[in-house]
Amino acid sequence: DAMVIQNPRYQVTQFGKPVTLSCSQTLNHNVMYWYQQKSSQAPKLLFHYYDKDFNNEADTPDNFQSRRPNTSFCFLDIRSPGLGDAAMYLCATSRAGTSGRGTDTQYFGPGTRLTVL
Amino acid sequence: AQKVTQAQTEISVVEKEDVTLDCVYETRDTTYYLFWYKQPPSGELVFLIRRNSFDEQNEISGRYSWNFQKSTSSFNFTITASQVVDSAVYFCALSVIGANNLFFGTGTRLTVIP
């Protein structure tokens, strides 16, 4: 089945220690998104890739970076995690159609729950 | 500006009861898209439905149905004969042409009691 895969499902890191979360997809979608979701809140978009074109949200901290080496994979790097970065990180993909990238259905992975000690 | 309001923070129903989750949206765009997602305790956001602003037909999929009314800017979701597996947080979301992201509501936590 075509899907969005995130590894690991659970990640524990120490305060200030860099961490990388990964996402892969078999849907062959050209848009990949990273969301942060804190407890009892809606997902918040951090950034997205439209093909190789990186698009950062204005309020995403510099501490968060992303890489997309190919169509299938996308990584979220947190350079110096703080306690406030503990959250669920969701990867999503969509196929940007003629209506624009924001309007197509986004398919989400299972998420990576990050704990910062 | 776009906004989605889900006024019901938490709902509890007994199994087999029907339940409606409310969603009210705000946008000045004439073309927009509405979505519902389900987030079970495992955390994955599961896509349920996408409707565009020009299609006001109600939709039924098994025990799920959606009522889209542009006159009241609402896109409500009804689960008929609820089951324990329906327990989850349900998000309503809006997107518009030119925006990169989904505008999510704050979610409604549904608990179905056996």
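Scroll up a little and you will see the structure.
Structural notes, computed from the coordinates. (Residues numbered from 1 in each chain as written. Chains lettered and ligands numbered in written order. Predicted model: local features only at pLDDT ≥ 70, side-chain atom pairs only at ≥ 80, totals over all residues. Heavy atoms only, no water.)

Observations regarding the overall build of chain B
Filter applied, for reference: Secondary structure elements follow DSSP: runs of H or I of four or more residues count as helices, runs of E of two or more count as strands, with numbering from the N terminus. In this treatment the radius of gyration is a C-alpha quantity, and the globule benchmark scales as 2.2 Å times the residue count to the 0.38 power. Buried residues are those whose accessible area, probed at 1.4 Å on protein chains only, stays under 20% of the maximum for their type, while exposed residues exceed 50% and partly exposed ones sit between those limits. Contacts were defined at the residue level, with two residues in contact if any of their heavy atoms lie within 4.5 Å.
Tallying secondary structure elements over chain B gives zero helices and 12 strands in all. Here the C-alpha atoms of chain B give a radius of gyration of 14 Å, agreeing with the 13 Å that 2.2 N^0.38 yields for 114 residues. Oriented by its inertia axes, the alpha-carbon framework of chain B measures out at about 45 × 25 × 20 Å. When each of the 114 residues of chain B is scored for burial, the buried share is 46%. The long-range share in chain B, meaning contacts at least 24 apart out of those at least 6 apart in sequence, stands at 55%.

Notes on the overall build of chain A
Worth spelling out the cut-off: Where accessible areas are quoted, they stem from the Shrake-Rupley method and a 1.4 Å probe; at the residue level, only the protein chains shown are allowed to cover. A positive count includes Lys and Arg, and a negative count includes Asp and Glu. His and the chain ends are not counted in either. Where a charge lies is defined by one atom per residue type, namely NZ (Lys), CZ (Arg), CG (Asp) and CD (Glu).
Helix and strand content of chain A: zero helices and 11 strands. Going from N to C terminus, chain A has its helices and strands arranged as β-β-β-β-β-β-β-β-β-β-β. Relative to the globule expectation of 13 Å for 117 residues, the C-alpha radius of gyration of chain A, 14 Å, shows essentially globular dimensions. Element-wise, carbon and sulfur atoms account for 49% of the exposed surface of chain A, whose accessible area totals about 5600 Å². With 11 positive and 9 negative side-chain charges, chain A shows a spacing of 5 Å between the two charge centroids.

A few points about the side chain of Arg51 of chain B
Residues and elements named next belong to chain B. As a reminder of what qualifies: Within 3.5 Å is the distance limit for a polar contact, defined as a pair of N or O atoms, with the added protein rule that one can donate a hydrogen and the other accept it, and that residues adjacent in sequence qualify only through two side-chain atoms.
In this fold, Arg51 is placed in strand β6 (residues 46–52). Its relative accessible area of 5% is what places Arg51 among the buried residues. At 2.6 Å, the side chain of Arg51 forms a polar contact with the backbone oxygen of Gln57. Setting aside chain neighbours within four positions, we find Arg51 in contact with Tyr32, Tyr33, Leu34, Gln57, Asn58, Glu59 and Phe75.

Side note on the packing of aromatic side chains
Put simply, the rule is: Note on aromatic pairs: the rings of Phe, Tyr and Trp (six-membered ring only in Trp) are paired at centre separations within 6.5 Å, and the planes decide the class, stacked below 30 degrees, edge-to-face beyond 60, tilted for the rest.
Counting across every chain of the model gives 21 aromatic pairs over all chains. A centroid spacing of 5.3 Å and a plane angle of 85° characterise the contact between Phe108 of chain A and Tyr37 of chain B, whose relative ring orientation is edge-to-face. Within this pair, whereas Phe108 of chain A is found in strand β10 (residues 107–108), its partner Tyr37 of chain B is found in strand β5 (residues 32–39), the two belonging to separate chains. For the residue pair Phe108 of chain A and Tyr37 of chain B, the accessibility class agrees, reading buried in each case. Connected via pairs of aromatic rings, a cluster forms that spans Tyr33, Tyr35, Tyr107 and Phe108 of chain A together with Phe35, Tyr37, Phe47, Phe91 and Phe104 of chain B.

Quick notes on the environment of Phe91 of chain B
All names here are of chain B. Tracing the backbone through its elements, the reader meets Phe91 in strand β10 (residues 88–96). Look at Phe91 and you get buried, because its relative accessible area is 1%. Along the sequence, Phe91 and Val112 sit 21 residues apart, while their C-alpha atoms lie 17 Å from each other.

Looking at the interface of chain A and chain B
Filter applied, for reference: Buried area is understood as the total, over both parts, of accessible area removed when two parts are fitted together, assessed with a 1.4 Å probe. Each residue receives one of three labels: charged for Asp, Glu, Lys and Arg, nonpolar for Ala, Val, Leu, Ile, Met, Phe, Trp, Tyr, Cys and Pro, and polar for the others, Gly being one of them.
Counting from both sides, the interface comprises 23 residues of chain A and, opposite them, 20 residues of chain B. Approximately 1700 Å² of surface area, both sides summed, lies buried where chain A meets chain B, with 54% of it carried by carbon and sulfur atoms. Counting across the interface, chain A meets chain B through three residue pairs in polar contact (both at pLDDT 80 or more). Taken together, the elements giving at least two residues each to the side of chain A that touches chain B come down to β4 (31–37), β5 (44–50), β9 (87–94) and β10 of chain A. With three residues, the single largest contributor to the side of chain A that touches chain B is β4 of chain A. Tallied by class, the residues present in the side of chain A that touches chain B amount to 10 nonpolar, nine polar and four charged.

Focus: the layout of surface pockets
The criterion, for reference: Two kinds of site are reported from a 1 Å grid over the protein atoms alone, namely cavities, where a 1.4 Å probe fits but cannot get out, and pockets, open sets with protein on both sides within 12 Å along at least five of seven lines, and residues are called lining when an atom falls within 4 Å of a point. Grid points are joined across faces, edges and corners, and a volume is the space filled by probe spheres set on the points.
For the largest pocket, the calculated volume is near 530 Å³. Secondary structure elements with two or more residues in the lining of the largest pocket: β9 and β11 (112–116) of chain A together with β10 and β12 (108–113) of chain B. In terms of residue count, the dominant contributor to the lining of the largest pocket is β12 of chain B (four residues). Class assignment of the residues belonging to the lining of the largest pocket gives a composition of 10 nonpolar, 12 polar and four charged. In this structure, the second largest pocket occupies an estimated 190 Å³ of space. In terms of lining residues, the second largest pocket is bounded by 13 residues, among which Val4, Tyr107 and Phe108 of chain A together with Glu44 and Leu45 of chain B are the most central. Residue composition of the lining of the second largest pocket, by class: 11 nonpolar, one polar and one charged.

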